[in-house]
Amino acid sequence: MEFTLLWAALTGVAGLYGALWLMGRRDTSLCVRDLWDAAITAAVVGLAVGRIVAMVRGGVNPLTNPGDILLVRAGVDTVGATLAALAALAWVLRADLAEQLDGLAPAALAGIAGWHGGCLFRDACLGTPSDLPWAWAQSGSDITRHPVELYAALAFLLAATGLFRLRLRYPPPGVVAGLGLAVAGVVRLATEPLRPSLLDGPTAWYAAAAVLGGATAAWSWQRSRAGQRRPDGPLQ
Amino acid sequence: MRRVVIAVCLAVAAAACGGSDDVGDVGLLPEITPDELQTLIADTDRPLVLNVWASWCIPCRSEAPLLRTAHEQFGDEVRFVGLDVRDNQSDARAFLNEFDLAGFEHYFDQSGAAQGSLGAGGVPLTLFYRADGSLFELHFGVIDERTLALNLDEIGR
């Protein structure tokens, strides 16, 4: 039995929880426990749906092979998992969606950074060949490669830090969450060409996430500014 | 509401009964001895991927579509060989037919002796050999897309 994937998942959860804990210390308006519950719910829903989508795409019937759903090592469809996780989040946090998503976005990016950094446990950091000084080779090979998962981890960590600092300045609701989605799409889009792949990568979806996130952030910001400029109505 | 529930239950039951023992055009898998397997590996003129599987192995079912895709993409440059262990012919042939895996070579190892000569037990197992017959990587358990793509890239260079 192999537990390397479990270690990578634990790294992701540690990143998420650590970031939420840090944010809760600096921003008392956040209910860390609620955000933690929402994030874990979304992660579980996303994982299950992503696994089922991967099975269907691979030609395996989830109804005739229900045990396969637990075999996450066989593959999880990123797009299906992300959409399901976002839908679950929207449902769980529906009472105050924009504010809560703003609180969760930096921690979510930190969690994704942890997941990518977990490649060190899985011995799965390497991508396409490279001669750059920091590239390294698989054991038994002399072909040096991009440590692409560490690139992604670093980018997500930087983005999480930036969004955390932005969140502390209380921008209009929806801005931090929108930027978080945009950054996630851009980072995946930028690193995808460096990953060896057999299937068509979901690059169009990453681009759509980047555009949608950016548009949401811009719209939230614009809406807030328009609200501030609106003159008071006549006194009754 | 009750009608919807009944319809859903029937659909689920129909789908669950959809599993087939149809072997299609898949012929009997040739048996292979440990010596023959070692000769096959040593005499390969191309990089070789050896996948050890069985029709009763649930994880093998999960990785089967990925191996089919890999064979479709790399079949010209890399030799794909399947080793069916501790299985029976009819289930093995139905498995190959179901996942459309008959496109590459498969051998039958009912006793598991040929697998034993590889020095590793359990299924699934995927071994990557360079064109000179030397073992590059032995992957235990279900293989994921990235790992398969990376190792194919390594042995193919």
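Scroll up to find the structure.
Procedures and definitions
- Residues numbered from 1 in each chain as written.
- Chains lettered and ligands numbered in written order.
- Predicted model: local features only at pLDDT ≥ 70, side-chain atom pairs only at ≥ 80, totals over all residues.
- Helix = DSSP H or I, 4+ residues; strand = E, 2+ residues; numbered from the N terminus.
- Rg over C-alpha atoms; globule rule 2.2 N^0.38 Å.
- Buried ≥ 20, exposed ≤ 12 C-beta atoms within 10 Å, placed from the backbone.
- Contact = placed C-beta atoms within 7 Å.
- Axes fitted to C-alpha atoms, helices over the stretch in contact; angles between N-to-C directions.
- Parallel < 35°, antiparallel > 145°, perpendicular 65-115°, else oblique.
- Left-handed = near helix turned anticlockwise from the far one by under 90°.
- Nonpolar A, V, L, I, M, F, W, Y, C, P; charged D, E, K, R; others polar.
- Right-handed = clockwise from strand over helix to strand, strands pointing away.
- Pairing = 2+ DSSP bridges.
- Core = buried A, V, L, I, M, F, W, Y, C linked by C-beta atoms within 7 Å.
- Expected span 1.5 Å × (residues − 1).

It is worth spelling out the overall build of chain A at this point. Along its length, chain A carries 8 helices and 2 strands. In chain A, the order of α-helices and β-strands from amino to carboxyl end is α-α-α-α-α-β-β-α-α-α. In terms of C-alpha radius of gyration, chain A reaches 20 Å, essentially the compact-globule figure of 18 Å for 236 residues. Looking at chain A residue by residue over its 236 residues, the buried ones come to 42%. Considering only intrachain contacts with a sequence separation of at least 6, the fraction spanning at least 24 residues in chain A is 71%.

Attention now goes to the packing of helix α4 (residues 97-117) of chain A against helix α6 (residues 148-167) of chain A. Residue and element names in this part refer to chain A. Closest axis-to-axis distance for the α4/α6 pair is 8 Å, and the angle between their directions is 160°. With respect to each other, α4 and α6 are oriented roughly antiparallel. Crossing of α4 against α6: the hand is left-handed. On α6, the residues touching D102, A105, P106, L109, A110, I112, A113, H116 and G117 of α4 are E149, L150, A152, A153, F156, L157, A159, A160, L163, F164 and R167. Classifying every residue of the contact of α4 with α6 by side-chain character gives 15 nonpolar, 2 polar and 3 charged.

Two faces belong to every sheet, and in a regular strand the side chains alternate between them. Residues and elements named next belong to chain B. The element strand β1 (residues 48-53) is extensively covered by neighbouring structure, given that 6 of its 6 residues are classed as buried. Burial along β1 is two-sided: L48, L50 and V52 and V49, N51 and W53, pointing in opposite directions, are all buried. With helix α3 (residues 58-74) bridging β1 and its parallel neighbour strand β2 (residues 79-85), the resulting β-α-β unit is right-handed. With 5 bridges connecting them, β1 and strand β4 (residues 125-129) associate as antiparallel partners. For V49, the partnering residue across the bridge sits in β4 and is F128.

Before going further, it helps to examine the environment of F104(B). Residue and element names in this part refer to chain B. Here F104 shows up in the loop between α4 (89-98) and β3 (105-109). Between the C-alpha atoms of F104 and G82, which are 22 residues apart in sequence, the distance is 7.5 Å. In this structure F104 touches H71, G75, F80, V81 and G82, once residues within four positions along its chain are discounted.

Turning our attention to the interface of chain B and chain A. Contact residues are listed per partner, giving 30 residues for chain B and 25 residues for chain A. Where the side of chain B that touches chain A is concerned, the elements lending two or more residues are α1 (2-16), α3, β5 (135-140) and α6 (145-156) of chain B. Take the side of chain B that touches chain A: its biggest share by element is 10 residues, from α3(B).

Glancing now at the nonpolar core. The biggest cluster of nonpolar side chains holds 101 residues, and the ones touching the most others in it are A39(A), A107(A), L109(A), F156(A) and A160(A). Sequence-distant contacts of A107(A), defined by excluding residues within four places in its chain, comprise L16(A), A19(A), L20(A), M23(A), L35(A) and A39(A).

Another aspect to go through is the sheet that holds β2(B). Residues and elements named next belong to chain B. Pairing in this open sheet of 5 strands is mixed, and the strands run β3-β2-β1-β4-β5 from one edge to the other. Since the sheet does not close on itself, it has two edges, and those belong to β3 and β5, each with one partner. Pairs of neighbouring strands in the sheet enclose a mean axial angle of 15°, with direction left out of account. In terms of strand pairing, β4 meets β5 through 5 bridges, oriented antiparallel. Residue F128 lies in a different strand from β5, and its bridge partner there is E137.

Another aspect to go through is helix α3 (residues 78-92) of chain A. Residue and element names in this part refer to chain A. If you check α3, its first and last C-alpha atoms are 21 Å apart, about what 15 residues at 1.5 Å a residue would give, namely 21 Å. Among the residues making up α3, those that are buried are G80, A81, T82, A84, A85, A88 and L89. If you follow the buried residues of α3, they end up packed against α2 (32-57) and α4.

All names here are of chain A. Take P202: it is sitting in the loop between α7 (175-191) and α8 (203-229). Note on P202: 18 C-beta atoms within 10 Å, which makes it partly exposed. Remark: the alpha-carbon pair of P202 and W221, spanning 19 residues in sequence, is separated by 29 Å. Among all residues touching P202, those that are not within four sequence positions of it are T78 and V79.

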